[in-house]
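# Inside the fold
The residues making up each chain are set out below.
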Amino acid sequence: MKDNVWLTYEEDDRKELEQLSDAYKAFLSRCKTERECTAFFEAEARKNGYRSLEELVEEGTSLKAGDKVYAVGMGKTIALFQIGRKPLTDGMNILCAHIDSPRLDLKQVPLYEDTELAFLDTHYYGGIKKYQWVTIPLALHGVIAKKDGTVVPVNIGEDPADPVVYVTDLLVHLASKQLARKGSEVVAGENLDVLVASCPLKDEEKDAVKANVLRLLKEKYNMEEDDFLSAEIEVVPAGPARDCGLDRSMIAGYGHDDRVCAYPSFVAMMEAEAVERTSCCLLVDKEEIGSVGATGMQSMFFENAVAEILALLGTDSNLAVRRTLARSKMLSSDVSAAYDPAYSEAFEKKNSAYFGKGLVLNKYTGARGKSGSNDANAEYLAQLRRIFDGNQVAFQTAELGKVDFGGGGTIAYIAALYGMEVVDSGVAVLSMHAPCEIISKADLYEAKKGYAAFLKEA
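Residues numbered from 1 in each chain as written. Predicted model: local features only at pLDDT ≥ 70, side-chain atom pairs only at ≥ 80, totals over all residues. Heavy atoms only, no water.

Under the annotation held in an unreviewed UniProt entry, the protein chain carries the name M18 family aminopeptidase and is attributed to Candidatus Anaerobutyricum stercoripullorum. Under Cofactor (unreviewed entry), UniProt gives the following word-for-word description of the protein chain: "Zn(2+)". (UniProt positions renumbered as here; feature names shortened; annotations may be inferred.)

As structure tokens, this is what we get:
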């Protein structure tokens, strides 16, 4: 087992580590949806000299080495490029992570009243343990898209002056039957409805509590009940990310999967100086539900963006796009399961990820017999070893638990369809997919160092 990287740090390392951790906590506290992440990254990219690909295409502006460009897909995914000295058809060095996280989504007709309590009906998104989402403070994030074309942002529950919302649970005194169920059945998906009000509107004869909620929404957002039909409102844990542990060595918060990889990928991209091969940071939506849809990795968004950039560089052909992607190299920056001694039966110690050991390389993911896995080439792993060792990046290798216990997948296999070299590379997480997850600050720091080295030298 490799040494704990904390023991190698000098004062300057710890200072940089804490600065990165503080910035990441602020980001994680502020950006709890894929839309909020994309808006944040776009704003920061523009401050760092990046220009919109859409604007450049409209202007017919040519690109050259050193130019910085970004493209946004439907406000939920973003791709950033720094053009290198070498031709784009020689391939790119790509950092790819996802910015969606498990949560509860409001249904299209969510608001109802029952026994003078008002609720919002939900449909859970991604893989969750449903019982973890009851009896905790929750917030509402999202947008209301109106028929006149206006889009109104929603954020209720984050300001200390805001109310929070809540999913109820059965009191333990009456829960003997509930506690006898399997864990997956303790709380049913249709019971994850969010309690939002209990005060009736005066002089309202029917569903007076619901009427009061509609009054409040009308006052705050000029919203009618029918506007839920074209709203995307996510229910997420309320409150900021915080230091964890008496030694403050860890961070507790919602959405580490996979924003703990997306954020250092973005930082590494912003810090990158002039590069030989074009650098790319691709931050996508929908990974938690199979990378589907127009903003997921399976869409044509990324391929279309590359085609547009090639055209602005003076090369306009389908073959050029295919060559560019096939000759690219990617770190599929996704989290890995950290070894938890409380549940040691699920892990194989020699091939587990540990806190404080640095960036994690997962040669393969998938389930059981590597089903759904990318399984990276040995030659590519050897190159990454050389890069990381040469830049004093602490890294470790792991697989996702014992062979027959389950498993999981990432976007790596989708990128590999282009023929590019891809490997999963991320940060170890405790309590993955829970409303509050834990990561090591040291692993976050080493991830950023590793991503920066990859962009420079791969």
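## Describing the sheet that holds strand β16 (residues 359-362)
Pairing within the open sheet is mixed, and its nine strands lie in the order β1-β2-β3-β13-β4-β14-β20-β16-β18. Sheet topology places β1 (51-52) and β18 (395-397) at the edges, where each strand pairs with a single neighbour. Alignment of β1 against strand β2 (residues 68-73), held across two bridges, turns out to be parallel. Looking at β2, one finds that R51 is bridged to V69. Where helix α2 (residues 34-47) meets the sheet, it contacts β1, β2, β3 (77-82) and β13 (278-284), and its direction lies at approximately 25 degrees from that of β3. Sheet strands touched by helix α11 (residues 441-457): β4 (92-98), β13, β14 (329-332), β16 and β20 (421-426). Its angle to β4, the strand with the most contacts, is close to 150 degrees. (Pairing = 2+ DSSP bridges. Helix = DSSP H or I, 4+ residues; strand = E, 2+ residues; numbered from the N terminus. Contact = heavy atoms within 4.5 Å. Axes fitted to C-alpha atoms, helices over the stretch in contact; angles between N-to-C directions.)

## With respect to helix α7 (residues 301-312)
Helix length check: α7 (12 residues) gives 17 Å between terminal C-alpha atoms against 16 Å at 1.5 Å per residue, within 8%. Among the residues of α7, F301, F302, E303, A305, V306, I309, L310 and L312 are the ones counted as buried. Those residues of α7 that are buried lie in contact with α3 (53-59), β2, β3, β4, β13 and α8 (318-326). At the C-terminal side of α7, G314 shows a positive phi close to 95 degrees. (Expected span 1.5 Å × (residues − 1). Buried < 20%, exposed > 50% of the residue type's maximum accessible area, 1.4 Å probe, protein only.)

## What about the nonpolar core?
Membership of the largest hydrophobic core comes to 59 residues, with the highest contact counts inside it found for F41, L80, L283, L331 and F388. Sorting elements by how many residues they give to this core places helix α6 (residues 256-271) first, with nine residues. Sequence-distant contacts of F41, defined by excluding residues within four places in its chain, comprise F27, I78, I99, A262, Y263, F266 and L283. (Core = buried A, V, L, I, M, F, W, Y, C linked by side-chain atoms within 4.5 Å.)

## Topic: the pattern of salt bridges
Inspection of the entire model under this criterion finds 28 salt bridges. Of the charged contacts in the structure, one is a salt bridge between D243 and R248, with a shortest N-O distance of 3.0 Å. Owing to a relative accessible area of 22%, D243 belongs among the partly exposed residues under this scheme. For D243, the salt bridge goes to K441, with nearest N and O atoms at 3.1 Å. Placement of the pair is D243 in strand β11 (residues 242-244) and K441 in helix α11, with a sequence separation of 198 residues. Judged by its relative accessible area of 0%, K441 is buried. Salt bridges linked by common partners bring E18, D22, K25, D243, R248 and K441 together as one network. (Salt bridge = Lys/Arg side-chain N within 4 Å of Asp/Glu carboxyl O.)

## What to know about α2
Over its 14 residues, α2 runs 20 Å from end to end, which matches the ideal 20 Å to within 8%, given 1.5 Å per residue. Taken as a whole, α2 has its buried residues at E34, E36, C37, T38, F40, F41 and A45.

## Section: a negative patch on the surface
Side chains of E10, E11, D12 and E16 sit close together on the surface and give a patch of like negative charge. Here E16 shows up in helix α1 (residues 11-30). (Patch = residues over 30% accessible without salt bridge, like charges linked within 9 Å, V, L, I, M, F, W, Y side chains within 5 Å. Areas by Shrake-Rupley, 256 points an atom, 1.4 Å probe, with all protein chains shown as cover. Lys, Arg positive; Asp, Glu negative; His and termini not counted. Charge placed at Lys NZ, Arg CZ, Asp CG, Glu CD.)

## Considering the packing of aromatic side chains
For the structure on display, the rule yields 15 aromatic pairs. The interplanar angle of 85 degrees and the centroid separation of 6.3 Å between the aromatic rings of W133 and Y254 together place this pair among those described as edge-to-face. Of this pair, W133 sits in the loop between β6 (117-125) and β7 (138-145) while Y254 sits in the loop between β12 (250-253) and α6, placing them 121 residues apart in sequence. Residues W133 and Y254 agree in their burial class; the two are buried. One aromatic cluster is present, built from ring pairs that chain together Y24, F27, F40, F41, Y263 and F266. Over the ring of Y125 we find R103; its NZ or CZ atom is 3.6 Å from the centre of that ring. The ring of Y364 has K370 lying over it, and the distance from NZ or CZ to the ring centre is 4.1 Å. (Phe/Tyr/Trp six-rings, centres within 6.5 Å; stacked < 30°, edge-to-face > 60°. Lys NZ or Arg CZ within 6 Å of the ring centre and 35° of its normal.)

## Some points on the packing of helix α9 (residues 378-390) against α11
For the pair α9 and α11, interaxial distance at closest approach is 10 Å and the crossing angle is 110 degrees. Between α9 and α11, the angle falls in the class roughly perpendicular. Handedness of the α9/α11 crossing: right-handed. Of the residues in α11, those in contact with Y380, Q383, L384, R386, I387 and F388 of α9 are G450, A453, F454 and E457. For the contact of α9 with α11, the residue count by class is six nonpolar, two polar and two charged. (Parallel < 35°, antiparallel > 145°, perpendicular 65-115°, else oblique. Left-handed = near helix turned anticlockwise from the far one by under 90°. Nonpolar A, V, L, I, M, F, W, Y, C, P; charged D, E, K, R; others polar.)

## Structural notes on the side chain of E437
With respect to the secondary-structure elements, E437 resides in strand β22 (residues 437-440). Here E437 is buried and forms no salt bridge, its nearest opposite-charge partner R259 lying at an N-O distance of 7.7 Å. A polar side-chain atom of E437 sits 3.1 Å from the main-chain amide nitrogen of D257. If we ignore the near neighbours within four places in the chain, the residues touching E437 are I251, A252, G253, G255, H256, D257, V429, L430, S431 and M432. (Polar contact = N/O pair within 3.5 Å; in protein donor to acceptor, adjacent residues only side chain to side chain.)

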